[in-house]
Structures are given as structure tokens and as C-alpha cells.
Amino acid sequence: MADEDDLLRSVALQNAQAILLARQRAEQELIQAKAALEQKTEELAHAKELFQNVFDQAGVGIARIDAAGRWLMVNPRLCEMLGYTPEELLAVRLSQLTHPDDVAADSEMMFYLLSGEGRVYRREKRYLRKDGTVVWVNLTLSVERGMARDADRSLIAVIQDITERKKAEDERQVFVS
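Overall, antiparallel pairing links the 5 strands, which are arranged 2-1-5-4-3 in an open sheet. Where the open sheet ends on each side, the last strands, each with one partner, are strand 2 (71-74) and strand 3 (120-128). When the angles between neighbouring strand axes are averaged without regard to direction, this sheet yields 30°. As paired elements, strand 4 (residues 134-143) and strand 5 (residues 154-161) share 7 bridges and run antiparallel to each other. Bridged to N138 within strand 5 is Q160. Running at roughly 150° to strand 3, helix 5 (residues 103-114) makes contact with strand 1 (61-66), strand 3, strand 4 and strand 5 of the sheet. Along the sheet, helix 6 (residues 163-176) contacts strand 3, strand 4 and strand 5; its crossing angle with strand 4, the most-contacted strand, is approximately 125°.

Below, the structure is given as C-alpha cells:
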């Protein structure tokens, strides 16, 4: 009986040691996983900060536009270019700011991109500023890739003000004529 009790104690002790060792390993793995998660979180925060700095400080207008032509994100340069606050611009549809002579071409461009026929579209076009004046822009649109569903697709717009260049071209044309 004593041998049996000693054997049971020995097995129990070995089991307890195995459980303790497994727990220590699990705790160590948890500590390593937590450290890796913290590092990835810091990297993600840095990447987000870098993106936000580029977006906010770019010398051109940058925006995200949904498939229905609503502004999703607008940067300060675009707001300045069009004369709107970010809140005002986000409440206005793209078609409302497009010069009437450019609306049809914009509709074709959206279909071209969202149907998958094209990846990038570039053109010179006109927007109407909040004060009613025309601003000429060089617009580059591309479909945001990697969205989970086609319905979630949005467009990335890079918008450069070319109004001064257009004025100079018009003046040169008048001078040459």
C-alpha cells in the first residue's frame, strides 16, 4: 500500500510539474505575443500618422470618392482650392461641383473605372468653386483596390489646380492670333 501511495504521489508530482511547465511555456508565449502585438500596433500607428501627414500636407488636392460620387475624405488643399470647409465639401456631391460642360465626361469616366475597364483615368476639367468661379484642374482618378466587396469600392482622386496655366495658355492664344 505504501508503495502504491508513493507511486501515486510520484505520478501526481510529475503531472503537477508537467502542468507547471506547460503553464510557464504558455505564459512565455503570451508575453511574446503581447510584445509582438505592441510592436505591430506601434508600426500601424506610425503608418497611419505618415499617411495622415502626406494627406494633410500634400500640395495637391487628394480625396476619396464613393461610387455614387460622394466625397468620403478631402484634404485641406482640396478644400482651399474649391473654397469649402471640409464639412461643407463632404456634404456636396461631386457632380454639383463639376462644370456643366464636364458632367457627361465625368459620368463616362466613373463607369469606365468602376466597371473594371480601366485602372486610372486622367483629364483636365473644371470645377465650380463655392464663390461660383471656375477652377481648372488636372484630375487623376484610380479605383481603390483591395476592398472586400465591389459595392465598397471607392475612387482615389488627385487634383492639381492648373487655372493659372490655362489662363496663360488663353492669353498666349490671344497674343498669337
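Now that the structure has been shown, we can carry on.
Here we come to the nonpolar core. Residues W71, L89, Y127 and I159 are the most contacted members of the largest nonpolar core, which totals 25 residues. Listed by contribution, the elements that provide at least two residues to this core are strand 1, strand 2, helix 2 (76-82), helix 4 (94-97), helix 5, strand 4 and strand 5. By residue number, the principal contributor to this core is strand 4, which donates 5 residues. Beyond its immediate stretch of four places on either side in the chain, W71 contacts A63, R64, I65, L78, L89, L90, V92, R93, L94, L97, Y127 and I159.

Using the criterion set out here, one finds 2 aromatic pairs in the structure. Look at F51 and F55: their rings are 5.7 Å apart centre to centre, the planes differ by 25°, and that puts the pair in the stacked class. Here F51 and its partner F55 are both found in helix 1 (residues 2-57), 4 residues apart, which amounts to about one turn of the helix. Geometrically, the ring pair formed by Y112 and Y121 is edge-to-face, given 5.9 Å between the ring centres and 65° between the ring planes. The class of Y112 is partly exposed, set by a relative accessible area of 31%. Judged by its relative accessible area of 23%, Y121 is partly exposed.

The rules behind the values
- Residues numbered from 1 in each chain as written.
- Predicted model: local features only at pLDDT ≥ 70, side-chain atom pairs only at ≥ 80, totals over all residues.
- Heavy atoms only, no water.
- Pairing = 2+ DSSP bridges.
- Helix = DSSP H or I, 4+ residues; strand = E, 2+ residues; numbered from the N terminus.
- Axes fitted to C-alpha atoms, helices over the stretch in contact; angles between N-to-C directions.
- Contact = heavy atoms within 4.5 Å.
- Core = buried A, V, L, I, M, F, W, Y, C linked by side-chain atoms within 4.5 Å.
- Buried < 20%, exposed > 50% of the residue type's maximum accessible area, 1.4 Å probe, protein only.
- Phe/Tyr/Trp six-rings, centres within 6.5 Å; stacked < 30°, edge-to-face > 60°.

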